[in-house]
Amino acid sequence: MPGFDLQCVLFDLDGTLVDTAPDLIACLQRTLLQFGLPGVDSATVKPQISSGALAMIRQAAPAADDDAQQEMLAFMLTCYQDNIATHSRLFPGFYEALSAIEAWGLKWGVVTNKRQRFTLPLMEALGLTPRAACIVSGDSTGHSKPHPAPMFAACASAGVGPKNCVYIGDALHDITAGKSANMKTLAATYGYLRLNDEPRFWGADGLIENAEQLTGWIKDSLCR
């Protein structure tokens, strides 16, 4: 990648850096039980995580009307806030990947559509807050992804230019946001993909299946 001076690695949170599915799905199951509805197969709702809790509820309880879904959403989010990191962990190899990024003298941060009330406690619980150069949530700016505003906010916080960043995400709106901000982008194919998602057509600069492939991509970028 001639002319690419990598200075900062930016991550989406859910489904990219952290496997939050166990806690989110557990809270969804509690919500369904609370409202007298049957539980749902985890594999059915997992692909909806990148679209938010309401999308998970709509998938699990499609017959519920809008008011009922909003009541369920409020219950689920309260449950989730109280259980933010009971089972959530970084995806395999990503603690080591973050250490490698830091050892190479690069900054790293998070840009997520998750709201601050969940993002900040989760980052703190995982011990990531003091290490991150920036943490931008879905309500940190006037727009969320796929708008590029959160990407620019992350760059401002980290003190880097967009052209010196790579953004990794597991959804089309992640890649769209990164590209709109003139960043390099990588699609995380291990994330919470929907059945009809085709990351190879998202226009990302590469596809990664695991943390090792990410560190390999970064190392290659630094050597060119």
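Okay, so let's go over this structure. Predicted model only: the values in this text are computed from it and were never measured. (Residues numbered from 1 in each chain as written. Predicted model: local features only at pLDDT ≥ 70, side-chain atom pairs only at ≥ 80, totals over all residues. Heavy atoms only, no water.)

**Some thoughts on the packing of helix α1 (residues 21-34) against helix α4 (residues 66-82)**
The condition that has to hold: Simply put, an axis is a line fit to the C-alpha atoms, just over the touching stretch for a helix, and the angle between two N-to-C directions goes from 0 to 180 degrees. Only DSSP runs of H or I with at least four residues qualify as helices, and only runs of E with at least two residues qualify as strands; both kinds are numbered from the N terminus onward. For classification, angles of less than 35 degrees are called roughly parallel, those exceeding 145 degrees roughly antiparallel, those between 65 and 115 degrees roughly perpendicular, and all remaining angles oblique. Helix crossings are classified by the rotation of the near helix relative to the far one: an anticlockwise turn of less than a right angle makes the crossing left-handed, while a clockwise turn makes it right-handed. Whether two residues touch is decided by their heavy atoms; if any such pair falls within 4.5 Å, the residues are in contact. Side-chain classes are defined by residue name, with Ala, Val, Leu, Ile, Met, Phe, Trp, Tyr, Cys and Pro counting as nonpolar, Asp, Glu, Lys and Arg as charged, and the others, Gly among them, as polar.
One can describe the packing of α1 onto α4 by two numbers: an axis separation of 9 Å at closest approach and a directional angle of 135°. Taken together, the axis directions place α1 and α4 in an arrangement best described as oblique. Both α1 and α4 take part in a crossing whose hand is right-handed. Facing α1, whose interface residues are D23, L24, C27, L28, R30, T31, L32 and Q34, α4 presents M72, F75, M76, C79 and Y80. Tallied by class, the residues present in the contact of α1 with α4 amount to 9 nonpolar, 2 polar and 2 charged.

**Topic: unusual backbone geometry**
Here the residue pair K145 and P146 is connected by a cis peptide bond, since its omega of 20° sits within 30 degrees of zero. Looking at where P146 falls in the secondary structure, it is placed in the loop between β5 (134-136) and α7 (149-158). Backbone geometry at N182 places phi at a positive 70°, although glycine is not the residue there. For N182, the position within the fold is in the loop between α8 (172-180) and β7 (184-188).

**Quick look at the sheet that holds β5**
Strand pairing in a sheet relies on backbone hydrogen bonds, with the paired strands running either antiparallel or parallel. How we decide: A pair of strands counts as paired when DSSP detects no fewer than two bridges linking them.
Within the open sheet, the 6 strands sit side by side as β5-β4-β1-β6-β7-β8. Their pairing is parallel. Whereas interior strands pair on both sides, the edge strands pair on one side only; in this sheet they are β5 and β8 (206-208). Averaged over all pairs of adjacent strands, the angle between strand axes in this sheet comes to 20°, irrespective of strand direction. Relative to β8, β7 runs parallel, the two sharing 3 bridges. Bridging from a neighbouring strand, L186 pairs with G206 of β8. Sitting on the sheet, α7 is in contact with β1 (8-11), β4 (107-111), β5 and β6 (165-169), with an inclination near 155° to β5.

**Section: the pattern of salt bridges**
Formally: Here, a salt bridge means any Lys or Arg side-chain nitrogen found within 4 Å of an Asp or Glu carboxyl oxygen. Any residue under 20% of the maximum accessible area for its type is buried, any over 50% is exposed, and the rest in between are partly exposed; the area is computed with a 1.4 Å probe on protein chains only.
For the structure on display, the rule yields 6 salt bridges. One salt bridge connects R115 with D139, and the closest N-O pair in it is separated by 3.8 Å. Remark: D139 occurs in the loop between β5 and α7 and R115 occurs in the loop between β4 and α6 (116-125); sequence separation between them is 24 residues. For D139, a relative accessible area of 33% gives the class partly exposed. Salt bridges here are not isolated pairs; linked through shared partners, they connect D12, K145 and D174.

**Description of the nonpolar core**
Heads up, the rule is: Side-chain atoms within 4.5 Å link the members of a nonpolar core, which is a set of buried Ala, Val, Leu, Ile, Met, Phe, Trp, Tyr and Cys residues.
Membership of the largest hydrophobic core comes to 55 residues, with the highest contact counts inside it found for V9, F11, L17, L28, F94, W108 and I168. Judged by nonpolar contacts, the second largest core, of 15 residues, contains C8, C134, A177 and M183.

**Some details on a nonpolar patch on the surface**
Definition in use: Here the term patch refers to residues with relative accessible area over 30% and no salt bridge, with like charges joined within 9 Å and nonpolar side chains (Val, Leu, Ile, Met, Phe, Trp, Tyr) within 5 Å. Only the protein chains shown count as cover for residues, and the accessible areas themselves come from Shrake-Rupley with a 1.4 Å probe.
A cluster of nonpolar side chains, F35, L37 and F75, forms an exposed patch at the surface whose accessible area comes to about 210 Å². Positionally, L37 belongs in the loop between α1 and α2 (42-45). Using a relative accessible area of 31% as the deciding quantity, one classes L37 as partly exposed.

**Quick look at the packing of helix α5 (residues 94-103) against helix α9 (residues 211-223)**
As a packed pair, α5 and α9 sit with axes 9 Å apart at the nearest point and diverge in direction by 15°. With respect to their mutual orientation, α5 and α9 come out roughly parallel. Crossing handedness for the pair α5 and α9: right-handed. Of α9, the residues touching α5 (which contributes F94, A97, A100 and I101) are A211, L214, T215 and I218. Here the residues of the contact of α5 with α9 sort into 7 nonpolar, 1 polar and no charged.

**Structural notes on the packing of aromatic side chains**
To be explicit about the condition: Put simply, two rings from Phe, Tyr or Trp (the six-membered ring, in Trp's case) pair if the centres are within 6.5 Å, and we call them stacked under 30 degrees between planes, edge-to-face over 60, tilted for the rest.
Taken as a whole and judged by the stated rule, the model has 8 aromatic pairs. A ring pair is formed by F11 and W108, whose centres lie 6.4 Å apart and whose planes are at 75°; its orientation type is edge-to-face. Here W108 lies in strand β4 and F11 lies in strand β1, a separation of 97 residues in the sequence. Here W108 falls in the buried class, since its relative accessible area comes to 0%. Ring plane angle 45° and centroid distance 5.5 Å describe the contact between Y80 and F118, whose orientation is recorded as tilted. Pair noted here: Y80 is in helix α4 and F118 is in helix α6, with a separation of 38 residues, a long-range link. Connected via pairs of aromatic rings, a cluster forms that spans F11, F91, F94, W108, Y190 and Y192.

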